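# Inside the fold
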Amino acid sequence: MPDATGDRPCVVVVDAYAAVRSLVLAFRQRGFDCVRVQSTIGVPPVYRSALPVASDFVADIQHEGDVAATVAAVRAFAPVAVVPGGEVGVEFADLLADSLGLPGNGTALSAARRDKYLMVQTLHAAGVHAGRQLRVTDAQELEMWHRRLGGRVVIKPLRSSGSQGVHFCDSPEESVAAYRGLIGELDVFAQPNRAVVAQEYLSGTEYMVNTVSRDGRHQVCDVWRTDRISANGIVDLCDALVLVPSPDQVVPALEKYAFEVLDAMGIQHGPAHLEVRLTPEGPCLVEIGARIAGGGIPATAGLGIGESQLEWTVDAYTDPERFRQRVGTGYALQRHCAIAGMVSPVEGTLREYQGLDEIRSLESFHALALLVEPGGRLSVTVNDLTFPVLVTLVHPLRSVVERDLNTIRHLDGRAFYALVQAGRGT
């Protein structure tokens, strides 16, 4: 049925910034026009360097607070689906889909799909294994809770993204200092931290599990192992992701647990990105995003598998019969893949990187992205928002990818970064 843009059916993508452009292009390649809805008045800080490409969309609708007006503007395009883009758009995508009578996850658990405290409480209520935690608005309460719990505690904002604002604290005093440093400050979406969450540190390897659902049936699209180091004062810094083969022995347990989490969180339609620790007691959720994975993960998964969360998402929303025919099949790894972030120990104005040619000469080298260009401001790497360089590795042999990951870490360090000296030009 023709819509307001012509003969092509239309999909609405909420908060589609450049980081999820691959999803927009996937819909367009399948013959769907895309309408962009921006749920916030301004562009959140985390997206300011990743603005959308205007030509990708037939319309750009700004939500200014009047839900009825925005729903009416979207309805004019007769969309067949509403899809969340960035993390900040998850709740408004739920609301739009619900208002338009389109497949979605409803609004009852929308807040829990964004609030890191509520999401874990939701798992507890559903009887799904989850860690101990505290919603913190009082320093003394936090100190007493950490002292009773003992061990390491993770302090983080309730509704931020990436690993921004995450602190690993080994004493009650460190927890209180982290809380005081976060409370009242703005998160990456320019919203004030009115509370923080304190959670027990989960020991064990962390995995990323990317899924897509339709009518409550779930598909694992890809699983990644996170590699971690202690650097720059961060005891548990993720510096690389490695694509895990579907037959790997860890996958069945991760899949079973991920599906329990999806059901508990009310995710019946669309993509999800789960971060799960494989603890001695079994899988345990770190957090979940009800949207596609970021950081170029789907595109890299496609290099290794031949398809990714992108294709599964398009099927789920626009070709549910094809989705139903294929759901439940394991993915076949054609090539091994990894994504490595360089970890800068220095800050200042970058003059040049010293060692890029050696990285490009690695046997599994596929691509290199300079997130900080020469002449730009280099920061000490403390989370996944401060990587200066990302390297993608792809090779038929797992051993080659693992070796090249080790080589990248060997090349990294102070000598890799040449800074502009004070009083000198570039």
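To start, this report covers the structure provided alongside it. Not measured: the values here are computed from a predicted model. The residue numbering used here restarts from 1 in each chain and proceeds along that chain's sequence as written. In view of the model being predicted, local features appear only for residues whose pLDDT reaches at least 70, and side-chain atom pairs are presented and counted only at 80 or more, with totals across whole chains, interfaces and linings using the full set of residues. Remark: hydrogens and water are excluded; side-chain values derive from all non-hydrogen atoms of the structure.

### Describing the packing of helix α2 (residues 67-75) against helix α3 (residues 90-100)
The cut-off we apply is this: Helix axes use the C-alpha atoms of the stretch in contact, all axes being lines fitted to C-alpha atoms, and the angles between their N-to-C directions lie in the range 0 to 180 degrees. For helices the rule is a DSSP run of H or I covering at least 4 residues; for strands it is a run of E covering at least 2, with both sets numbered from the N terminus onward. Should an angle fall under 35 degrees it is taken as roughly parallel, and over 145 as roughly antiparallel, whereas 65 to 115 is taken as roughly perpendicular and any remaining angle as oblique. Each crossing gets its hand from how the near helix is turned against the far one by less than a right angle, where anticlockwise is left-handed and clockwise is right-handed. Residues count as neighbours in contact if any of their non-hydrogen atoms are within 4.5 Å of one another. Asp, Glu, Lys and Arg are counted as charged, while Ala, Val, Leu, Ile, Met, Phe, Trp, Tyr, Cys and Pro are counted as nonpolar; the rest, among them Gly, fall into the polar class.
At their nearest, the axes of α2 and α3 sit 10 Å apart, and the two run at 65 degrees to each other. Judged on the interaxial angle alone, α3 and α2 are roughly perpendicular. By crossing handedness, the relation of α2 to α3 is classed as right-handed. Touching V67, T70, V71, V74 and R75 of α2 are F92, L95, L96, S99 and L100, all from α3. Its residues assigned to classes, the contact of α2 with α3 shows 7 nonpolar, 2 polar and 1 charged.

### Some thoughts on the sheet that holds strand β9 (residues 205-214)
Applied cut-off: Two strands pair under a simple rule: DSSP has to find at least two bridges between them.
Read across the open sheet, the 8 strands follow the order β13-β12-β9-β10-β11-β14-β18-β16; overall the sheet is antiparallel. The open sheet has two free edges, formed respectively by β13 (282-289) and β16 (365-370), since each of these has just one partner strand. Neighbour to neighbour, the strand axes of the sheet diverge by 25 degrees on average, direction disregarded.

### As for helix α4 (residues 116-126)
Let me state the cut-off plainly: Accessible area is worked out with a 1.4 Å probe on protein chains only. A residue is then buried under 20% of its type maximum, exposed over 50%, and partly exposed in between. Any pair of nitrogen or oxygen atoms within 3.5 Å is treated as a polar contact; in protein, a donor-acceptor pairing is required on top of that, and neighbouring residues in sequence qualify only through side-chain atoms on both sides.
The set of residues buried in α4 consists of K116, Y117, M119, V120, T122 and L123. Residues of α4 that are buried in the fold lie against β5 (133-136), β6 (153-157), β8 (196-200), α7 (251-264) and β13. Where α4 begins, the side chain of D115 points an oxygen toward the backbone nitrogen of Y117, at a separation of 2.9 Å. Positive phi appears at G127, one or two residues downstream of α4, with a value of about 75 degrees.

That is the geometry; function is a separate question.
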